[in-house]
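Here is how the chains run, residue by residue.
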Amino acid sequence: MKIVEWIAQKRDGGALSDGQISEIVTAYCRGSLPDYQMAALAMAIYFQGMKHDEVVSLTRHMLASGALFDWPGLERPLVDKHSTGGIGDKISIVLAPLLSAAGMAVPMISGRGLGATGGTLDKLESIPGFQVNLSMEQIRRQVDDTGCVIAGASDEIAPADRRLYALRDVTATVPSIPLITASILSKKLAEGLHALVFDVKTGSGAFMKSVDRAATLARSLVTVATELGVPSRALLTDMNQPTGKMVGNANEINEAVDVLQGGGPPDVRALTIELAVAVLTMLPGSNRPDPLALSRQLAGLLDGGAAMERFERMCQAQGANWTGPLPCAQRHAVIASEAGWIESINAEELGWIVIELKGGRTRLGDKLDHSTGIEVLARIGDRIERGQPLAMLICHNDDKGRVEQRLADAFQIGSQVVDVVPLIHAVIGGDNERQGTS
Ligand code: URA
């Protein structure tokens, strides 16, 4: 392998062949390609990008570096969702049981907190006893028995990504769309899915702050996944304010359960149903179900208790018992110092405040306090009077003073009426691509 020449080829804007990418991934997994050369290549990719065929090759070889699920005898269609992560994003916790209640099999591989955003696995661990570290065999059995599982990626899945992601993290090469695409898909496509939907977030609390960059990532994910045989679509969704009211761990689980019981904030319910409709209407062979009828049917599964019943079965299968709302820390109101309209919310700052309250990690292995968080009471466009609560800090009394002002400052109040932001900016992929829906 002439790796120095290949790094130079990429550095100078050339494309790598499928054979070259195969050799690179194999050598990196074997340990014969050292981290310093892989880091140089990742930086060359960061600056020069990759052509579509290169991203397909990289994804395929990273996927093949690990084990793939197979599902002998499973009759239900296999579907899943991937979110690029946002503040208060608890959609997976509602969506997996909902899709299971709709007759699907959902082997959802999820992650922990990343940057300011919380992780689905951390949130689920607020439920006493909930196990997220499952073997591939345990996942397979649970999907067979219960219809859904939410668990972490086991060591067997995409080892090339585990190694490369850790290297990117310390070499400032995470924000590269080709590398993100290959990283996400090398794990998701190991699930052996029939359809996949992406929730690509954009805004102040998202990894991708601009709509243009989020759309580029969404298109890359959709085209590569589709080329590798999994029908895919992406919803470009707004993350200029948290999803729902709750940000944290236990409080987010409680809010997700409200939605599973037919209540909860309208944005969480609407986005969950939109994502479910998007994935269900992509299933091969499905005779184009009417999206409106489908969303009514899904609403019925929330309102009638079928989705909640699946959630309870998932908890039991993963070692926990849902007995009612989880306990949270004390609540302290944070009030507006002026009247006006909520112009913007620094959603990322809300995530950092929760981390400060030990609801997220600053170091690998930090133990979390699941009881802390924030309840957001004001949304963009709301009229606010001086002295009205903007949010509730959910924290221990001693911690309130450290973050109270930061939380108040995260809300920008202006003197003009503000337009309400759309929940869904665009749908990418499929024949019903659209822009600017709310
Ligand atoms: N999440 C991933 O799994 N990979 C990335 O590269 C970025 C976010």
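Here goes a summary of the coordinates provided. (Residues numbered from 1 in each chain as written. Predicted model: local features only at pLDDT ≥ 70, side-chain atom pairs only at ≥ 80, totals over all residues. Heavy atoms only, no water.)

**Remarks on the sheet that holds strand 9 (residues 373-376)**
- With respect to topology, four strands assemble into an open sheet ordered 6-9-11-7, the strand pairing being antiparallel. Two strands bound the open sheet, and with one partner strand each, they are strand 6 (246-248) and strand 7 (331-335). Taken over all neighbouring pairs, the strand axes of this sheet differ in orientation by 20° on average, direction set aside.
- Running at roughly 140° to strand 6, helix 11 (residues 250-260) makes contact with strand 6, strand 9 and strand 11 (389-394) of the sheet.
- Across the sheet, helix 16 (residues 400-409) touches strand 7, strand 9 and strand 11, and the angle it forms with strand 11 is around 150°. (Pairing = 2+ DSSP bridges. Helix = DSSP H or I, 4+ residues; strand = E, 2+ residues; numbered from the N terminus. Axes fitted to C-alpha atoms, helices over the stretch in contact; angles between N-to-C directions. Contact = heavy atoms within 4.5 Å.)

**Quick look at the pairing of strand 1 (residues 79-83)**
- Counting buried residues in strand 1 gives five out of five residues, a clear majority hidden from the surface.
- Both faces of strand 1 are covered, namely the face carrying V79, K81 and S83 and the face carrying D80 and H82.
- With five bridges joining them, strand 1 and strand 4 (residues 195-202) adopt parallel strand pairing. Residue pairing in the sheet places K81 in a bridge with V197 of strand 4. (Buried < 20%, exposed > 50% of the residue type's maximum accessible area, 1.4 Å probe, protein only.)

**With respect to unusual backbone geometry**
- At A172, a position not held by glycine, the phi torsion is positive, near 55°.
- Assignment of secondary structure puts A172 in the loop between helix 8 (159-169) and helix 9 (177-188).
- Positive phi values are uncommon outside glycine, yet K358 reaches one of about 70°.
- Inspection of the secondary structure puts K358 in the loop between helix 15 (347-356) and strand 9.
- The class for K358 is exposed, based on a relative accessible area of 51%.

**Notes on the packing of aromatic side chains**
- According to the stated counting rule, one finds three aromatic pairs in the structure shown.
- Each ring, one from F69 and one from W71, has its centre 5.2 Å from the other, and the planes form 15°; the classification is stacked. For the pair F69 and W71, one class covers both residues: buried.
- Considering the side-chain rings of F311 and W322, the 5.8 Å spacing of their centres and the 70° angle between planes classify their relative orientation as edge-to-face. Here the residue F311 occupies a position in helix 14 (residues 306-317), and W322 occupies one in the loop between helix 14 and strand 7, the gap between them amounting to 11 residues.
- Owing to a relative accessible area of 0%, F311 belongs among the buried residues under this scheme.
- Just above the ring of Y28 sits the side chain of R163; from NZ or CZ to the centre is 4.1 Å.
- Just above the ring of Y165 sits the side chain of K187; from NZ or CZ to the centre is 5.7 Å. (Phe/Tyr/Trp six-rings, centres within 6.5 Å; stacked < 30°, edge-to-face > 60°. Lys NZ or Arg CZ within 6 Å of the ring centre and 35° of its normal.)

**Quick word on the site of the ligand**
- Taken together, Y165, R168, I180, S183, I184 and K187 form the complete shell of residues around the ligand.
- The contact in question runs from a nitrogen atom of the ligand to an N or O atom on the side chain of S183, over 2.6 Å.
- Here the ligand loses 86% of its free accessible area of 240 Å² to cover by the protein chains.
- For the shell around the ligand, the secondary-structure elements that each account for two or more residues are helix 8 and helix 9.
- Considering every element that reaches the shell around the ligand, the biggest residue donor is helix 9, with four residues. (Near = heavy atom within 4 Å. Polar contact = N/O pair within 3.5 Å; in protein donor to acceptor, adjacent residues only side chain to side chain. Areas by Shrake-Rupley, 256 points an atom, 1.4 Å probe, with all protein chains shown as cover.)

**A word on the pairing of strand 5 (residues 232-238)**
- For strand 5, the tally of buried residues reaches seven of seven residues, placing the bulk of the element in the interior.
- Side chains S232, A234, L236 and D238 of strand 5 all project onto a buried face; the interleaved residues R233, L235 and T237 project onto the opposite face, where all are buried too.
- In the classification by handedness, the crossover that spans strand 4, the intervening helix 10 (residues 211-227) and the parallel strand 5 is right-handed. (Right-handed = clockwise from strand over helix to strand, strands pointing away.)

**Notes on the packing of helix 4 (residues 52-64) against helix 9**
- Relative to each other, helix 4 and helix 9 sit at 35°, their axes nearing to 8 Å. Between helix 4 and helix 9 lies a crossing whose hand is right-handed. Contacts between helix 4 and helix 9 pair V55, L58, T59, M62 and L63 from the former with P178, L179, T181, A182, S183, L185 and S186 from the latter. (Left-handed = near helix turned anticlockwise from the far one by under 90°.)

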